[in-house]
Amino acid sequence: MSTEHQHKVVIIGTGFGGIAAALRLKAAGIDDFRLLERRAFLGGTWAQNHYPGAAVDVQSPLYSLSSEPNDWTEMFAKQAELRAYTLNIIEKHRLAECCITECEVQSLKWLADQQCWLINTTQGEFKAQFVINASGPLSQAKFPNLSGLEQFKGRCLHTNQWDDSVDLSGQRVAIIGTGASAAQLIPAVVDRVKSLDVFQRTPHWVMPRPDYVFKPWQRRLLKNAVLQKLLRAVIYLGLESRFIAFKYLPLVLKLYAEPSARRLLKRQIKTPALREAVTPNYTIGCKRIILSNTYLAALDQPQVCLHTKDDPIVQITPTGAITRAGREIELDVLICATGYQATDGSIPYDIVGEEGQSLAEAWAEYPRAYLGTTVPGFPNLFLLSGPNSGVGHTSAVFIIESQLNYVLDCLRHVDAAGLQSIEVRPECEEKYTALIHKMMTKTVWHWGGCQSWYHSVSGKVIAMFPAFTTTFWRWTRRAKLQDHQLR
Ligand code: NAP
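Residues numbered from 1 in each chain as written. Predicted model: local features only at pLDDT ≥ 70, side-chain atom pairs only at ≥ 80, totals over all residues. Heavy atoms only, no water.

Student: Describe empty space enclosed by the protein, naming the residues involved and giving the relevant values.
Tutor: All told, the structure shown has three cavities of 30 Å³ or more when counted by the stated rule. Lining the largest cavity are Pro61, Asn70, Asp71, Trp72, Phe214, Arg219, Leu222, Gln228 and Leu231. Tallied by class, the residues present in the lining of the largest cavity amount to five nonpolar, two polar and two charged. (1 Å grid on protein atoms, 1.4 Å probe; cavity = no way out; pocket = protein on both sides within 12 Å on 5 of 7 lines; lining within 4 Å. Points joined across faces, edges and corners; volume = space filled by probe spheres on them. Nonpolar A, V, L, I, M, F, W, Y, C, P; charged D, E, K, R; others polar.)

Below you can see the structure in the form of structure tokens.
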């Protein structure tokens, strides 16, 4: 293997996580790193997800890297602006020189004798002392198991794998799923399709999105770094306070959030049967709350037919679908808005650690990691947005940047000691995970009476962090040496 493929750090993925990691390494004076990207393009989620209507549902001034403020045109940026933001950062910091595209990681193996990772990719082998996985928790598209799909003569798409050449105008379309992706897609296409059959398994609670387009003078003001930081702080505090309801004051969910969602339902859906069909029967907040001013109204259009869990697709035919009630639906396009493998199977390649044990084996019961980042038996491996590091109420970028404080501190400890590797102690990970799941029992994600992508097959809530993000920031600010072994 050529030495040019040997690096101090390899970062897997070029989305927000990968870019943030690269910037932090550069700032720490570490230039010997590569970013491996499986796609032919850079930018991660916001380059990959370009279905009609795609936009962020966290206020953009906060949903951005703290070191890279942006001249956002609106409070909730659309996909094109988010993509441009990530690509601008890549260009500004000349990161493309360190990126290798169409380089899909197939496996990682820890070489104990060399104290480094062997990374097997579609472009050959790499070695790296440290690996930062930034492949994203929502990057492995999940498809429904539909009988007869292979015979379908129309187009079949997943929101995550959108094909811009598919024109939905005048088409007979079905959408499976009614989560955040579907809720953005449906209003964006409803006026141009001939018919739209929406297959809802479980309704989501929907709340209004406080859309706002920045005025030119406000954008000029926000070019001032202090004002931009102030706005970030105000948004951060406002969003963080929502967590109080998710964990400590469930009454707020009942007395404020649910009535607000019910009012929106009443305003936007005039047909009583439809309103009832899309009203959830679990506590608001248990599944991710959808923020939309247009989704519910789009469902109440004459060309739209909502199918509930009682009438799902049972068979795909060459020309359409048959539902459980025996209805035959002629279709040109079938769209799966069925989400992601966000917990089990979120890392799409094999990882073999110190004792020859795979990460899949270590996670046989459920995915777990100290600070959502490190796993005993897997030295020098850091998982950005790993188990129990997700947030539903604020910006995931804040969590990623907090994790990177911990990662960089680990690297500093190894270098300062003149050693090779760092690994979290098993008993510390065990204690941490036990604490996380104890704290989780108090959250609406645990007791709210729903099934969501926050749960792993074990039934445990794996996707979310069960405390304030300030707590996560505090815990990750420094790597506690006593919780780790250095070699
Ligand atoms: P999702 O929230 O997991 O929704 C998937 C939908 O498909 C659900 O309605 C689910 O029903 C349904 N479904 C899944 N498998 C099915 C099957 N086999 N048969 C029938 N229905 C099935 O996925 P998503 O909408 O892609 O969103 C995932 C997450 O991505 C969001 O929660 C959010 O964090 C992020 N996201 C964010 C934005 C944004 O605004 N920034 C936009 C899109 C996505 P059940 O509910 O019954 O499981």
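After that view, the rundown keeps rolling.
Student: Which residues make up the sheet that holds strand 8 (residues 172-176), and what are the values?
Tutor: The five strands lie next to each other as 7-16-8-9-12, forming an open sheet whose pairing is parallel. This sheet does not close on itself; its edge strands, each paired only once, are strand 7 (155-158) and strand 12 (304-307). Put simply, the sheet's adjacent strands are angled 15° from each other on average, direction ignored. As defined by bridge partners, strand 8 adjoins strand 9 (residues 195-199) across five bridges and the pair is classed as parallel. In the sheet register, valine 173 faces strand 9, and the bridge partner there is leucine 196. Helix-sheet contacts for helix 4 (residues 180-189) involve strand 8, strand 9 and strand 16 (333-336), and the interaxial angle to strand 8 is about 160°. (Pairing = 2+ DSSP bridges. Helix = DSSP H or I, 4+ residues; strand = E, 2+ residues; numbered from the N terminus. Axes fitted to C-alpha atoms, helices over the stretch in contact; angles between N-to-C directions. Contact = heavy atoms within 4.5 Å.)

Student: Requested: an account of the site of the ligand, with residues and values cited.
Tutor: Close contacts around the ligand come from 24 residues, with Thr178, Ser181, Gln184, Thr202 and Lys287 the closest. For the ligand, the accessible surface in isolation is 900 Å², of which the surrounding protein chains cover 85%. When residues in the shell around the ligand are grouped by element, the largest group, three residues, is from helix 4. Taken together, the residues of the shell around the ligand break down into eleven nonpolar, nine polar and four charged. (Near = heavy atom within 4 Å. Areas by Shrake-Rupley, 256 points an atom, 1.4 Å probe, with all protein chains shown as cover.)

Student: Any chance you could break down the pairing of strand 8 for me, citing the residues and the numbers?
Tutor: With four of five residues buried, strand 8 lies mostly within the body of the structure. Remark: the strand 8/helix 4/strand 9 crossover connection has right-handed handedness. Here strand 8 runs beside strand 16; their pairing, made up of four bridges, is parallel. The residue of strand 16 that forms the bridge with isoleucine 176 is cysteine 336. (Buried < 20%, exposed > 50% of the residue type's maximum accessible area, 1.4 Å probe, protein only. Right-handed = clockwise from strand over helix to strand, strands pointing away.)

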